[in-house]
Amino acid sequence: QFCTNVSQRTVEPFYKTAPVPPDALAVEDGVHVVVSTTFHALILDAARHSVVMFYAPWCGHCTALAPVYAQVAARFPRDTVVFG
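This section reports on the structure supplied with the text. Note that the structure is predicted; figures quoted are calculated from it, not measured. (Residues numbered from 1 in each chain as written. Predicted model: local features only at pLDDT ≥ 70, side-chain atom pairs only at ≥ 80, totals over all residues. Heavy atoms only, no water.)

The next subject is a nonpolar patch on the surface. A contiguous nonpolar surface patch, about 310 Å² in accessible area, is contributed by Leu-65, Val-68, Val-72 and Phe-76. Along the chain, the position of Leu-65 falls in helix H3 (residues 60–74). (Patch = residues over 30% accessible without salt bridge, like charges linked within 9 Å, V, L, I, M, F, W, Y side chains within 5 Å. Areas by Shrake-Rupley, 256 points an atom, 1.4 Å probe, with all protein chains shown as cover. Salt bridge = Lys/Arg side-chain N within 4 Å of Asp/Glu carboxyl O. Helix = DSSP H or I, 4+ residues; strand = E, 2+ residues; numbered from the N terminus.)

What follows is the structure, encoded as structure tokens:
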């Protein structure tokens, strides 16, 4: 049944995701908090340019880049570029 539903495109997608922030448009240090369920609306459907950093709290490179990324995000007007 599952394979039939997939071929007929009637299966709802399942996203492994972090919870949506209480404020769906939450911004921390000029950077939107984007989870898989809000990715389409904030990044793909945006009428603005988008820059996305995929972040893992256990990743040393990610944690080192986060403050620099926030500094870069602060230099761009929010009405033209979305940082997530």
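So, about unusual backbone geometry. For Arg-9, which is not glycine, the phi dihedral falls at a positive 55 degrees. Residue position: Arg-9 is located in the loop between helix H1 (2–7) and strand S1 (27–28).

Along helix H2 (residues 36–44), the residues that are buried comprise Thr-38, Leu-42 and Ile-43. The arc enclosing the buried residues of H2, seen along the axis, measures out at 105 degrees, which places them on a common side. Looking at H2, the residues exposed on the side facing more than 90 degrees away from the buried face are Ala-41 and Leu-44. Buried positions along H2 lie against strand S2 (31–32), strand S3 (49–51) and strand S4 (81–83). (Buried < 20%, exposed > 50% of the residue type's maximum accessible area, 1.4 Å probe, protein only. Arc of directions from axis to C-beta. Contact = heavy atoms within 4.5 Å.)

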